[in-house]
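Remarks on the overall topology
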Amino acid sequence: MGKPTGFLEIDRKLAPKRAVSERVNDYKEIEQLNTTADTEAQASRCMDCGTPFCHNGCPLGNIIPEFNDAVYEQNWKYAYDILTTTNNFPEFTGRICPAPCESSCVLGINKPAVAIELIEKSIIEKAFSEGWVIPIVPKIRSGKKIAVIGSGPAGLAAAAQLNKAGHLVNVYERADQIGGLLRYGIPDFKLDKLVVSRRVDLMKKEGITFITNANIGTTEKLTNLTNIFDAVLIATGSTVPRFISAKGDDAKGIYPAMEFLSQQNKRNATIPLEVNHKGEVYGNNNIYARGKHVVIIGGGDTGSDCVGTSNRHKAASITQIEVMPKPPIDRASTTPWPNWPSMLRTSTSHDEGVERLWSIALQEYVKNDKGELEALIIGDIVYQMKDGKMEQEIINSRKIPCDLALIAAGFLHTDHNDLFEQLMAVGVKSDERGNLVASATYQSDNEKVFIAGDARRGQSLVVWAISEGREAARNMDLFLMGKTNLEGKSISSFDLIAK
């Protein structure tokens, strides 16, 4: 695969990024495309490793060495054909996936891994620019009707596959725009919303119907859908944020990170703002970081997105605190190749300016006389052995200024709203974590109701959501028709060539 000596001759080179001084003043995408020649050179680094562990590292089972080789051979159209056999939305994963495939790259054992994510994004963007991405309308319709509730990556992937199989698909979204997390969760500087709209417009031309402002369970009862449609897919995501409780947590100025991020996405799109989780109407500058001391509670990707957005708001200061210890700079010995490595990750948002604190316990939200947040009391977490047991102790308690706290501590489960209650009423079950239960075929105890994505597996990656949507669609097609031609994860390069 690729150039036999490419990995020895060529260093890993990622796409250029816009200068910090420029990008913090707008919400345009940070990462730019490589030149065609540079991408072909990066593809040549894919070695003939014999057993490509990247296949296993990718939740979609992308046929990575084959599309790398096609790019190296300058056969970009074939690379596009290979990539889209397993991935409906390379333009999303090529921008926002953490690339577990790269962590499993064999070259990564002792050299920088192949830049798989960059190559994937380059393939799909070239395909769009060359006009290869066109709407494909099924020639024959099955007559079966399917409702997909939720238009995030899982719902969109399932809809695309089910439409491909010839079924009539309606996608219901409770928000005012299609895309779910892609639309109102990921900042524009990582994923331009024109990219999302471009794909949604294509899917509309392929025959998929999208209905927005459709809060199933409230505006329309679930039983109406199960009576009208032959099958229903629940892909509502894991959207209930985890709250970090402490003394003073009723202070004004504490918000879930996703409210902060989604509000800015709406500002960018000039879409009117709605109410927040407390039922308060957003003002023009509500949950706005300009001139404020911002503390982000949580060290993951969502927290990083809050850092980037706060920098663009021109916050007075930005601090990100994390309860876990600081990871090592290089791969930890406890997570050897080809596992996902425990290591320090520095995002483009971190490069723009933030103070990162590790092993931190939040002890108190400090309020002023008006009940407004003005500071946090935090302490350092240390561990020591006592009587043969490891115990946690908090030392060095101190006050830091904070008049805007953004909680980015993950999500608990799918919404337990009217839809959830109606699902329980028709025989769907939930697990001890509060997620919806489905079998290995994504089918719930109600045979007409299937579950996919974060609503089933809990908070996860966009690439896992796409994988779940595809697999659920395959099983729904099998349920409805008794057979299916939709691709599963196990498709091989030999199957692709045979087609």
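Everything in this summary refers to the structure shown in the same document.

Rules and cut-offs
Residues numbered from 1 in each chain as written. Predicted model: local features only at pLDDT ≥ 70, side-chain atom pairs only at ≥ 80, totals over all residues. Heavy atoms only, no water. Helix = DSSP H or I, 4+ residues; strand = E, 2+ residues; numbered from the N terminus. Rg over C-alpha atoms; globule rule 2.2 N^0.38 Å. Buried < 20%, exposed > 50% of the residue type's maximum accessible area, 1.4 Å probe, protein only. Pairing = 2+ DSSP bridges. Axes fitted to C-alpha atoms, helices over the stretch in contact; angles between N-to-C directions. Phe/Tyr/Trp six-rings, centres within 6.5 Å; stacked < 30°, edge-to-face > 60°. Lys NZ or Arg CZ within 6 Å of the ring centre and 35° of its normal. Core = buried A, V, L, I, M, F, W, Y, C linked by side-chain atoms within 4.5 Å. Contact = heavy atoms within 4.5 Å. Left-handed = near helix turned anticlockwise from the far one by under 90°. Nonpolar A, V, L, I, M, F, W, Y, C, P; charged D, E, K, R; others polar. Expected span 1.5 Å × (residues − 1). Salt bridge = Lys/Arg side-chain N within 4 Å of Asp/Glu carboxyl O.

Our focus in this paragraph is the overall build of the chain. Of the regular secondary structure elements, the chain holds 20 helices and 13 strands. Relative to the 2.2 N^0.38 estimate, which gives 23 Å for 499 residues, the radius of gyration of the chain is 23 Å and therefore close to what a compact globule would have. Here the C-alpha coordinates of the chain stretch approximately 70 × 60 × 55 Å along the principal axes. Counting across all 499 residues of the chain, residues that qualify as buried make up 53%.

What follows deals with the sheet that holds strand 4 (residues 231–234). The sheet built from five strands is open, its strands ordered 3-2-1-4-13 with parallel pairing. At either end of the open sheet lies a strand with only one pairing partner, and these are strand 3 (209–211) and strand 13 (449–451). If you compare each strand with its neighbour and ignore which way they point, the axes differ by 20° on average. Pairing of strand 1 (residues 145–149) with strand 4 involves four bridges; the strand directions are parallel.

For the structure on display, the rule yields five aromatic pairs. Directly above the aromatic system of Tyr-184 lies the positively charged group of Lys-266, at a separation of 5.1 Å from the ring centroid. Above the plane of the ring of Phe-189 lies Arg-312, whose end atom (NZ or CZ) is 4.0 Å from the centre.

A separate point is the pairing of strand 9 (residues 360–367). When strand 9 meets strand 10 (residues 373–386), the two strands line up antiparallel, connected through seven bridges. Paired with Tyr-365 across the bridge in strand 10 is Leu-376. Counting the residues that bridge the hairpin from strand 9 to strand 10 gives five residues, and of these Gly-371 lies at a positive phi of roughly 80°.

Note: strand 10 against strand 11 (residues 389–401), eleven bridges, orientation antiparallel. Across the sheet, Ile-381 pairs through a bridge with Ile-394, a residue of strand 11. Linking strand 10 back to strand 11 in an antiparallel pair, the connection comprises two residues, with Asp-387 at a positive phi of about 55°.

Each neighbour pair has its own omega, and for Trp-337 with Pro-338 the value is 5°, a cis peptide bond. Among the secondary structure elements, Pro-338 is positioned in the loop between strand 7 (317–321) and helix 16 (348–351). In the Ramachandran plot, Ile-287 falls in the positive-phi region, its phi being about 50° despite a non-glycine side chain. For Ser-359, which is not a glycine, the phi torsion comes out positive at approximately 55°. On the secondary structure map, Ser-359 appears in the loop between strand 8 (355–357) and strand 9. When its relative accessible area of 14% is taken as the criterion, Ser-359 is described as buried.

Our next topic: the sheet that holds strand 9. Neighbouring strands of a sheet are bound in pairs by backbone hydrogen bonds; such pairs are parallel or else antiparallel. Here three strands make up an open sheet; going across it, the order is 9-10-11 and the pairing antiparallel. Lying at the two open borders of the sheet, with one neighbouring strand each, are strand 9 and strand 11. For this sheet, the mean angle separating the axes of adjacent strands, direction not counted, is 25°.

Our next topic: the side chain of Arg-199. Summarising the element assignment, Arg-199 is placed in helix 12 (residues 193–205). Since its relative accessible area comes to 8%, Arg-199 is described here as buried.

Here the focus is the nonpolar core. Among the nonpolar cores identified, the biggest contains 67 residues, and Phe-67, Ile-123, Leu-182, Leu-191, Met-203, Phe-210 and Leu-233 are the most heavily contacted of them. Once you skip the residues sitting within four places of it in the chain, Phe-210 turns out to touch Leu-156, Val-171, Ile-178, Val-200, Met-203 and Lys-204. Grouped together as the second largest cluster of nonpolar side chains are 19 residues, Ala-147, Ile-149, Ile-216 and Leu-222 included.

As a further point, take the side chain of Thr-348. Take Thr-348: it is sitting in helix 16. Here Thr-348 is in contact with Lys-17, Arg-23 and Ile-30, once residues within four sequence places are set aside.

A few words now on the packing of helix 10 (residues 153–164) against helix 19 (residues 462–481). Viewed as axis vectors pointing N to C, helix 10 and helix 19 meet at an angle of 35°, and their least axial separation amounts to 7 Å. Pair helix 10 / helix 19 crosses with right-handed handedness. The segment helix 10 lies against helix 19, with Pro-153, Ala-154, Ala-157, Ala-158, Gln-161 and Leu-162 engaging Val-462, Ala-465, Ile-466, Gly-469, Arg-470, Ala-473, Met-476 and Asp-477. Classifying every residue of the contact of helix 10 with helix 19 gives ten nonpolar, two polar and two charged.

With twelve residues, helix 10 should cover 16 Å at 1.5 Å per step; its first-to-last C-alpha distance of 16 Å lies within 8% of that length. Most of helix 10 sits out of view: eleven of its twelve residues are buried. Listed in full, the buried residues belonging to helix 10 are Pro-153, Ala-154, Gly-155, Leu-156, Ala-157, Ala-158, Ala-159, Ala-160, Gln-161, Leu-162 and Asn-163. Looking one or two places after helix 10, you find Gly-166, whose phi comes out positive at around 100°.

The next point concerns the pattern of salt bridges. In total, this model carries 25 salt bridges according to the counting rule given. Between Asp-305 and Lys-190 there is a salt bridge, with the nearest N and O atoms lying 3.0 Å from each other. Here the residue Asp-305 occupies a position in helix 15 (residues 301–313), and Lys-190 occupies one in the loop between helix 11 (181–184) and helix 12, the gap between them amounting to 115 residues. Where Lys-367 meets Asp-250, a salt bridge forms, and the shortest distance between an N and an O atom there is 2.9 Å. Here the residue Lys-367 occupies a position in strand 9, and Asp-250 occupies one in the loop between strand 4 and strand 5 (254–256), the gap between them amounting to 117 residues. Given a relative accessible area of 36%, Lys-367 falls into the partly exposed group. Overall, Asp-250 belongs to the exposed group, its relative accessible area being 55%. A single salt-bridge network, built from bridges that share partners, covers Glu-29, Arg-95, Glu-125 and Arg-198.

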